[in-house]
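Residue strings, one per chain:
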Amino acid sequence: QVELVETGGGSVQAGGSLRLSCAASGLDYGTGCMGWFRQVSGKEREAVARIYARGSPYYADSVKGRFTISRDNAKDTLYLQMTSLKPEDTAMYYCAARRASSGGTCANAVDIDFWGKGTLVTISS
C-alpha cells in the first residue's frame, strides 16, 4: 500500500520559517516527479513546487526565492524549506507523487498518482 506521510506543519509568525517533510513508502520502483501542493478552504488545490527524480526543481511564482524543494531519493523523502513566510502562505500543504514508471510531470493535480493527507501551515501577521 502506497503511503505519503507529511510532517513539519505548524503555526509561525510572518517572516518565520518551517520545514515540511514527506516520507513515501510502498512504491515498488520508487517515485518519479514529487511535489507540494497547497489548498485553502473554498479554493482549488494549487501547485507550490515540484522536483524530478534527477533533481530539477520548479516553483510557483508566489514562492520563488522563499521556498526550496529537495528530495532524498535513497529514502524516498521529499522536503520543502519555507522561509520569509507570509500570511497568504497559510494553507493545508499536501505532498504529491507520481510513480517512477509513469514518467512525466507532476505540475498539476491531475498528474498526481498519490497524495498525502496534508499538514496545516498557519502564518500569523
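This write-up is about the structure you can find in this document.

The rules behind the values
- Residues numbered from 1 in each chain as written.
- Predicted model: local features only at pLDDT ≥ 70, side-chain atom pairs only at ≥ 80, totals over all residues.
- Heavy atoms only, no water.
- Helix = DSSP H or I, 4+ residues; strand = E, 2+ residues; numbered from the N terminus.
- Rg over C-alpha atoms; globule rule 2.2 N^0.38 Å.
- Buried < 20%, exposed > 50% of the residue type's maximum accessible area, 1.4 Å probe, protein only.
- Contact = heavy atoms within 4.5 Å.
- Areas by Shrake-Rupley, 256 points an atom, 1.4 Å probe, with all protein chains shown as cover.
- Lys, Arg positive; Asp, Glu negative; His and termini not counted.
- Charge placed at Lys NZ, Arg CZ, Asp CG, Glu CD.
- Pairing = 2+ DSSP bridges.
- Axes fitted to C-alpha atoms, helices over the stretch in contact; angles between N-to-C directions.
- Salt bridge = Lys/Arg side-chain N within 4 Å of Asp/Glu carboxyl O.

1. Some thoughts on the overall build of the protein
Alright, step 1. Helix and strand counts for the protein stand at 0 helices and 11 strands.
Alright, step 2. Sequence-ordered secondary structure for the protein, helices as α and strands as β, is β-β-β-β-β-β-β-β-β-β-β.
Alright, step 3. Relative to the compact-globule value of 14 Å for 125 residues, the protein shows a C-alpha radius of gyration of 14 Å, a close match.
Alright, step 4. Projecting the C-alpha coordinates of the protein onto the three principal axes gives extents of approximately 45 × 25 × 20 Å.
Alright, step 5. For the protein, the proportion of its 125 residues judged to be buried stands at 42%.
Alright, step 6. Counting contacts in the protein only where the partners sit at least 6 residues apart, residues at least 24 apart contribute 58% of the total.
Alright, step 7. Of the roughly 6,600 Å² of accessible surface on the protein, a fraction of 46% belongs to carbon and sulfur atoms.
Alright, step 8. Side chains of the protein carry 14 positive and 12 negative charges; the gap between the two charge centres is 3 Å.

2. Re the sheet that holds strand β1 (residues 3-7)
Alright, step 1. Spatially, 4 strands are ordered β1-β3-β8-β7 in an open sheet, and the strand pairing comes out antiparallel. Taken across any chain shown, the strands that pair with only one partner, and hence form the sheet edges, are β1 and β7 (67-72). Within the sheet, the average angular offset between the axes of one strand and its neighbour, ignoring direction, is 15°.
Alright, step 2. Here β1 runs beside strand β3 (residues 18-25); their pairing, made up of 5 bridges, is antiparallel. Note on β3: the bridge partner recorded for E3 is S25.

3. Description of the pattern of salt bridges
Should their charged atoms come close, side chains of opposite charge can pair.
Alright, step 1. According to the stated counting rule, one finds 5 salt bridges in the structure shown.
Alright, step 2. A salt bridge links D61 to K64; the nearest nitrogen and oxygen atoms lie 3.1 Å apart.
Alright, step 3. Judged by its relative accessible area of 66%, D61 is exposed.
Alright, step 4. Residues joined in a network through salt bridges with shared partners are R38, E46, R66 and D89.

In short, geometric facts, not functional conclusions.
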